[in-house]
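Summary of structural features
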Amino acid sequence: MSKTQDWQSLPRAPFGDSPEMSDQLLALVMEGKKRATCWSAAEGEKGTVVGSCWVALDGKGRPRAVLETIELAQKQFDQVNADFAADEGEGDLSLAYWRDAHRDFFSRNGGFTPDMLLWCERFEMIEVLPLSD
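Let us look at the structure shown here. Because the structure is predicted, anything quoted here is derived from the model rather than measured.

Analysis parameters
Residues numbered from 1 in each chain as written. Predicted model: local features only at pLDDT ≥ 70, side-chain atom pairs only at ≥ 80, totals over all residues. Heavy atoms only, no water. Helix = DSSP H or I, 4+ residues; strand = E, 2+ residues; numbered from the N terminus. Rg over C-alpha atoms; globule rule 2.2 N^0.38 Å. Buried < 20%, exposed > 50% of the residue type's maximum accessible area, 1.4 Å probe, protein only. Contact = heavy atoms within 4.5 Å. Areas by Shrake-Rupley, 256 points an atom, 1.4 Å probe, with all protein chains shown as cover. Lys, Arg positive; Asp, Glu negative; His and termini not counted. Charge placed at Lys NZ, Arg CZ, Asp CG, Glu CD. Pairing = 2+ DSSP bridges. Axes fitted to C-alpha atoms, helices over the stretch in contact; angles between N-to-C directions. Salt bridge = Lys/Arg side-chain N within 4 Å of Asp/Glu carboxyl O.

Okay, the overall build of the protein chain next. Within the protein chain one finds three helices and five strands. Its C-alpha atoms give the protein chain a radius of gyration of 14 Å, within 12% of the compact-globule value 14 Å for 133 residues. Seen through its principal axes, the protein chain has C-alpha atoms that stretch 40 × 25 × 25 Å. Across the 133 residues of the protein chain, 40% fall into the buried class. Across the protein chain, every contact between residues at least 6 apart in sequence was considered, and the portion connecting residues at least 24 apart equals 72%. Summed over its atoms, the accessible surface of the protein chain is roughly 7,200 Å², and 50% of this surface lies on carbon and sulfur atoms. The centroid of the 14 positive side-chain charges in the protein chain is displaced by 2 Å from the centroid of its 23 negative side-chain charges.

Structure representation (structure tokens):
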């Protein structure tokens, strides 16, 4: 438990761009279906480094899981492959679903272009954190 014994000092972030989306995507993480995420490279690396841990927050901003980054790569949107799309764990796990959902997401959040650069992260769940009052 050495990586997570002091999880309260780890960086924290929700998935998605709304409380509802955060909860939906976190549920996929908790079920073991979601093992990857991505964001616009314009947002920077967000301190993400292979081997580092971070805390995923639910839609209410509560810490729910400790995740460890196991892979981080920069790719163009239109170069993301089917394996990565499936590891994101969303929808029917297809590349077509991933492209449609992420095109909508990036269009809502600062703009979309087919050749936009993304940070693509794969992670492992290290620990589920209990809800506290």
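Don't stop here, the text continues.
With that settled, the discussion passes to the sheet that holds strand 5 (residues 117-128). Strand order in the open sheet formed by five strands is 1-3-4-5-2, and the pairing between neighbours is mixed. If you trace the sheet from one side to the other, it starts and ends with strand 1 (12-14) and strand 2 (36-40), each paired once. Recorded for the sheet is a direction-independent mean angle of 45° between the axes of neighbouring strands. Inspection of the sheet shows strand 4 (residues 63-76) paired to strand 5 by eleven bridges, in the antiparallel sense. Following the sheet pairing, A65 is matched in strand 5 by V128.

Our focus in this paragraph is the pattern of salt bridges. Scanning the entire structure with this criterion turns up ten salt bridges. Here D17 makes a salt bridge to R108, at a shortest N to O gap of 2.9 Å. With D17 in the loop between strand 1 and helix 1 (19-30) and R108 in helix 3 (residues 95-108), the pair connects residues that are 91 residues apart, well separated along the chain. Residue D17 is classed as partly exposed on the basis of its relative accessible area, which comes to 32%. Each member of the salt-bridge network shares a partner with another, and the members are R35, E71, D87 and R122.

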